[in-house]
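Chain by chain, the residues run as shown.
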Amino acid sequence: MAKIANKQVICDILVEAGKKDKDIVALCSDSRGSASFTGFANELPEQFVETGIAEQNLVSISAGLAKCGKKPYAASPACFLSTRSYEQCKVDVAYSNTNVKLVGISGGVSYGALGMSHHSAQDIAAMSAVPNMRVYIPSDHFQTECLMKELIKDEKPAYIRVGRNAVDDVYEEGNVPFEMDKATVICEGCDVAIIACGEMVKPAKDAAELLKAEGISAGVVDMYCVKPLDTEAIVKAASGAKAVVTVEEHAPFGGLGSMVSQVVGSECPKKVINIALPDAPVITGTSKEVFDHYKMTAEGIAEKAKEALK
Amino acid sequence: MENLKALAYELRENVIDMIVEGKAGHIGGDMSVMEILTEIYFDQMNISPENMDDPDRDKFIMSKGHSVEAYYAVLAAKGFFDIKDVIATFSKFGSQFIGHPNNKLPGIEMNSGSLGHGLPVSVGMALAGKMDKKDYRVYTVMGDGEIAEGSVWEGAMAASHYKLDNLCAVIDRNRLQISGNTEDVMAHDDVHERWSSFGWNVIDVADGNDIDQLKAAFDAAKEVKGKPTVLVANTVKGKGSSVMENKANWHHKVPNAEELEQIRKDLAERKEAARRG
Ligand SMILES: Cc1ncc(C[n+]2csc(CCOP(=O)(O)OP(=O)(O)O)c2C)c(N)n1
Ligand SMILES: [Mg+2]
């Protein structure tokens, strides 16, 4: 079966929901193709708004629509949505508490060789620092589906980041544990706790397998809900292990690693190693080449876990 | 003087090589902007690898940074780097020739790629020239989809407010952006009136892929005092081969073998025709 990209799942769910609820509106900024929102635009043209290449406008218009009863989903590359329209997200969405769902597509280093202007390695830090903004980074299409079904039901601001390409499944049909705003514990372990989000969950899960073969017991937590952070899950996983490793497709500051370190530092102090992108423009390459280069792979994570246990 | 018309086709061939080799590239906008860049770099601007440190030389910002392949081809032809290196490494792992302009490379002034930055930065450069009583000119090229960004209009306002007659912007008016026709996505067919009402001298270039018409427009812009000039260059996206021309889906695309053969043939023919004059 062909793999489904997380963004495609988002669009499919919105089309279904939009057919029943005419207040669901999708907005794009010359980004319907890259967001996989062409389906929505074609099927529900009356509920689709194109703003042209104007991300600030995209977010403010969404806020205005929400204020008048619409349920807008604004989809634009994560890099532009989280930085170009940051103030609109902060003031018009979070601060004014409008029911806008911000869908950041092609997140992290999805755009590979297009360079730093197109990477969103600051979005977790930026968005999480805004009061009343929730931040979700689902790992695979099963989880994206569960998350979207919950988000459709609520009326609060949220930022959702997904990658560009279809990714390997973390979960399987019929076995998708999911509770809103609660991290998903993929496996428990008593040596090291690996906490990851988004595309890094799969290599984290594979790393646990590699470690197991070497007699090391690793727990893996899928922290798709970066904010509100599931601190309980962090404390539980960290308390039961000797060290913690975090993995994220983000700059090394202000992301999941920083947040987990804060929690572990104050609640159950022990060694935390953060695996992230460097504090520099990332090397040119596809996201796979980039991940390989910075050892953001199952092997690399396993290696760091062993280091943490030394 | 070199035959710039033929050169523009030769540079298109370089772009095709880059895109095929690197398996990526914003091909449509590269093709539409080629004569604009060629005329700016080979006729209008006082710029070369030798005078980059000269504070009096002219300046350029590629605001529509996604057309970087065209920009690389022009910079290589100006001697800033070797085209062979670009073609061999463009977009590949570890390459310095990434998919948007980067100022670690010689000849590139500012990093771009996020649309709507080039004009306001150019305003700053032109303003510095006024402050320092220098004669240099500042050029920038924007896409027609790009000008939906609010920052473009903030820059436009400031440029006329500060009477920046040392600034010349170009709009690559190819009437297409990613999602289709610009008039369907976010209409601005009255682009001339809009810029004019913002206090700019507006010059329409009927054929923005014609070096002679571009030259005349840029030359005329230099004579205008007290306001900035914008050229609305009516171009053809994908210019050079019927395979790509005026097709929205060629915004970002790598030609397949069959398309490639046709594109190479068309470009070679047009280059030859341009050579013969
Ligand atoms: C701020 C920003 N938003 C979105 C993009 C993604 N993007 C790259 S090219 C493009 C379309 C550009 O269209 P246009 O300006 O008409 O350029 P051209 O037709 O000359 O290629 C878009 C939306 C971007 N690079 N920057
Ligand atoms: Mg265009």
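Predicted model, so just to flag it, every value in this text is computed and none were measured.

Draft legend 1. Local environment of the packing of helix H1 (residues 6-20) of chain A against helix H7 (residues 141-153) of chain A. Residue and element names in this part refer to chain A. Where H1 contacts H7, the two axes come as close as 9 Å, and the packing angle between them is 35 degrees. When you trace H1 past H7, the crossing you get is right-handed. The segment H1 lies against H7, with Asn6, Val9, Ile10, Ile13, Leu14 and Ala17 engaging His141, Thr144, Glu145, Met148 and Ile152.

Draft legend 2. Region of interest: the pairing of strand E2 (residues 138-143) of chain B. Residues and elements named next belong to chain B. A large share of E2 lies buried, amounting to six of its six residues. Neither face of E2 is open: one carries Val138, Thr140 and Met142, the other Tyr139, Val141 and Gly143, and all of them are buried. Looking at chain direction, strand E1 (residues 59-62) and E2 are connected through four bridges and run parallel. The residue bridging Phe60 from the neighbouring strand is Tyr139, located in E2. When E2 meets strand E3 (residues 167-173), the two strands line up parallel, connected through six bridges.

Draft legend 3. Structural context of the pattern of salt bridges. Applying the stated criterion across every chain, the model contains 40 salt bridges over all chains. Across the pair A:Arg84 and B:Glu149 runs a salt bridge, and its minimum N-O distance is 3.3 Å. Here A:Arg84, found in helix H4 (residues 78-84), pairs with B:Glu149, found in the loop between E2 and helix H6 (150-161), and the two come from separate chains. Summarising the burial analysis for this pair, A:Arg84 and B:Glu149 share the class buried. Note that B:Arg276 is salt-bridged to B:Glu272, the shortest N-O span being 4.0 Å. Linking B:Arg276 with B:Glu272, this pair stays in helix H10 (residues 257-276), spanning four residues, or about one helical turn. For B:Arg276, a relative accessible area of 63% puts it in the exposed group. For B:Glu272, a relative accessible area of 34% corresponds to the partly exposed category. Among the charged side chains, a salt-bridge network with shared partners connects B:Asp144, B:Arg173, B:Arg175, B:Glu183 and B:Asp189.

Draft legend 4. Local environment of the packing of aromatic side chains. All names here are of chain B. Counted according to the given criterion, the structure contains 13 aromatic pairs over all chains. Summarising the aromatic geometry, the rings of Tyr72 and Phe97 are spaced 5.3 Å apart at their centres and angled 85 degrees between planes, so their arrangement reads as edge-to-face. Here Tyr72, found in helix H3 (residues 68-77), pairs with Phe97, found in the loop between helix H4 (83-89) and helix H5 (118-131); they are 25 residues apart in sequence, far enough to count as distant. For the pair shown, Tyr72 and Phe97 are each scored as buried. Relative to Phe218, the ring of Tyr139 lies with its centre 5.8 Å away and its plane at 70 degrees, an arrangement referred to as edge-to-face. Taken as a pair, Tyr139 in strand E2 and Phe218 in helix H9 (residues 211-223) lie far apart in primary sequence, 79 residues in all. Here Phe218 falls in the buried class, since its relative accessible area comes to 1%. Grouped by ring-pair contacts, the aromatic residues Tyr72, Phe81, Phe90 and Phe97 constitute a single cluster. The cationic tip of Lys78 hangs over the ring face of Phe42; the distance from NZ or CZ to the ring centre is 5.2 Å. Between Lys253 and the ring centre of Trp250, over which it is positioned, the NZ or CZ distance is 4.8 Å.

Draft legend 5. Quick look at H5(B). Residue and element names in this part refer to chain B. With 14 residues, H5 extends 20 Å from end C-alpha to end C-alpha; this agrees with the ideal 20 Å at 1.5 Å per step. On its buried face, H5 sits against E1, E2, H6, E3 and helix H8 (191-197). Once H5 ends, the next one or two residues include Lys133, with phi positive near 50 degrees.

Cut-offs used in this document
Residues numbered from 1 in each chain as written. Chains lettered and ligands numbered in written order. Predicted model: local features only at pLDDT ≥ 70, side-chain atom pairs only at ≥ 80, totals over all residues. Heavy atoms only, no water. Axes fitted to C-alpha atoms, helices over the stretch in contact; angles between N-to-C directions. Helix = DSSP H or I, 4+ residues; strand = E, 2+ residues; numbered from the N terminus. Left-handed = near helix turned anticlockwise from the far one by under 90°. Contact = heavy atoms within 4.5 Å. Buried < 20%, exposed > 50% of the residue type's maximum accessible area, 1.4 Å probe, protein only. Pairing = 2+ DSSP bridges. Salt bridge = Lys/Arg side-chain N within 4 Å of Asp/Glu carboxyl O. Phe/Tyr/Trp six-rings, centres within 6.5 Å; stacked < 30°, edge-to-face > 60°. Lys NZ or Arg CZ within 6 Å of the ring centre and 35° of its normal. Expected span 1.5 Å × (residues − 1).

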